[in-house]
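For reference, the chains in residue letters:
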Amino acid sequence: MTFIICCALLGGLLWRLGGGALTTLTGFSLGTDFARAIRACLGAILCWRFGWPGLAEIPALFLGVCIAGWGPFQGMGLPDIGKSEPSWKRWLPGALGLAEDGIAYDLIGMAECGLLCMAPPAAVAGWLAGWHGAVILLVSGLLFAPAYLLARLPWPVIPRFARGQEWGEVFAGGIVGAAFALVTP
């Protein structure tokens, strides 16, 4: 249990650093791909049990983060967050006839993006740990939606780290870190 908690905390920290906190903390941007690489480092958790083959999770998670792009759905119904960002991933909530300014639209879009993000790492986890490892990571992707919805609550402001909807990144990263820990028992 301690391992899962530590991985969740590490996940929340790395995911938020990759989501913009590193730029605000250091004062300069190292670029989108560097931010994605920070998040992808969470994949190294699988080295705990699987050794060097676990490193295959890092490029898989990097690929997933590159594919997913969940910016349009981060706001969870808030009108000023992500609404103007174009994305091909808007097709699913649009096909379901959901209003673009609603929470349901963002929940479905975020679940879709989370699933896309975690699909490549799930394939690697399936190879390393069997079908249960893949299922754990796919479910963690679906949980991006409630993680960002939870961020709508009034969480404290940690200067230069997280405020408002940025907490969604912390929560989603915590879910990803915990999911990787659950694949390694």
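Peer 1: Honestly, the nonpolar core in this entry has me stumped. Any pointers?
Peer 2: What tends to happen in soluble globular proteins is that the nonpolar side chains get buried as a cluster. Among the nonpolar cores identified, the biggest contains 47 residues, and Trp15, Leu61, Trp70, Cys117, Phe144 and Phe180 are the most heavily contacted of them. Of all the secondary-structure elements, those providing two or more residues to this core are helix H1 (2-26), helix H2 (32-40), helix H4 (57-68), helix H6 (103-129), helix H7 (131-142), helix H8 (144-150) and helix H9 (167-183). A per-element tally of this core places H6 first, with eleven residues. The contacts of phenylalanine 144, once residues within four sequence positions are left out, are Trp15, Trp70, Met110, Gly114, Cys117, Met118, Ala172 and Val176.

Peer 1: For this particular structure, what's the right way to read a nonpolar patch on the surface?
Peer 2: On the surface, a cluster of nonpolar side chains totalling about 440 Å² of accessible area is made up of Leu63, Ile67, Trp88 and Trp91. Along the chain, isoleucine 67 turns up in helix H4.

Peer 1: How should I be thinking about the packing of aromatic side chains in this particular structure?
Peer 2: How two aromatic rings sit relative to each other is set out by the distance from centre to centre and by the angle between their planes. Per the counting criterion, the structure on display carries eight aromatic pairs. Between tryptophan 15 and tryptophan 70, the ring centres sit 5.9 Å apart and the planes meet at 10°, which makes this aromatic pair stacked. With tryptophan 15 in helix H1 and tryptophan 70 in the loop between H4 and helix H5 (91-95), this pair connects stretches of sequence that are 55 residues apart. With relative accessibility at 0%, the residue tryptophan 15 sits in the buried group. Its guanidinium or amino end placed over the ring of phenylalanine 73, arginine 90 lies 5.9 Å from that ring's centre, counting from NZ or CZ.

So, how was this worked out
- Numbers given for residues are sequential positions, taken from 1 along each chain in its written order.
- This being a predicted model, a pLDDT of at least 70 is required before a residue's local features are given, and a value of 80 or more before pairs of side-chain atoms are given or counted; all residues contribute to the totals for chains, interfaces and linings.
- Hydrogens and water are ignored here; the side-chain numbers use all heavy atoms of the structure.
- Buried Ala, Val, Leu, Ile, Met, Phe, Trp, Tyr and Cys residues form a nonpolar core when they are joined through side-chain atoms within 4.5 Å.
- For each residue, the accessible area found with a 1.4 Å probe, counting protein chains only, is set against the maximum for its type, and the residue is called buried under 20%, exposed over 50%, and partly exposed in between.
- The helix and strand labels rest on DSSP assignments: H or I over at least four residues marks a helix, E over at least two residues marks a strand, and numbering proceeds from the N terminus.
- Residue contacts are counted whenever heavy atoms from the two residues lie within 4.5 Å of one another.
- Put simply, a patch holds well-exposed residues, over 30% relative accessible area, that have no salt bridge, with like charges counted together within 9 Å and Val, Leu, Ile, Met, Phe, Trp or Tyr side chains within 5 Å.
- Surface accessibility in these figures is a Shrake-Rupley result with a 1.4 Å probe; residues are shielded only by whichever protein chains are displayed.
- Throughout this description, the term salt bridge denotes a Lys or Arg side-chain nitrogen within 4 Å of a carboxyl oxygen of Asp or Glu.
- Geometry of aromatic contacts follows a simple scheme: Phe, Tyr and Trp rings, the Trp one being its six-membered ring, pair when their centres are within 6.5 Å, and the pair is stacked under 30 degrees between planes, edge-to-face over 60, tilted otherwise.
- By definition, being over a ring means that NZ of Lys or CZ of Arg is both within 6 Å of the ring centre and within 35 degrees of the ring normal.

Bear in mind that shape data such as this cannot, by itself, settle questions of function.
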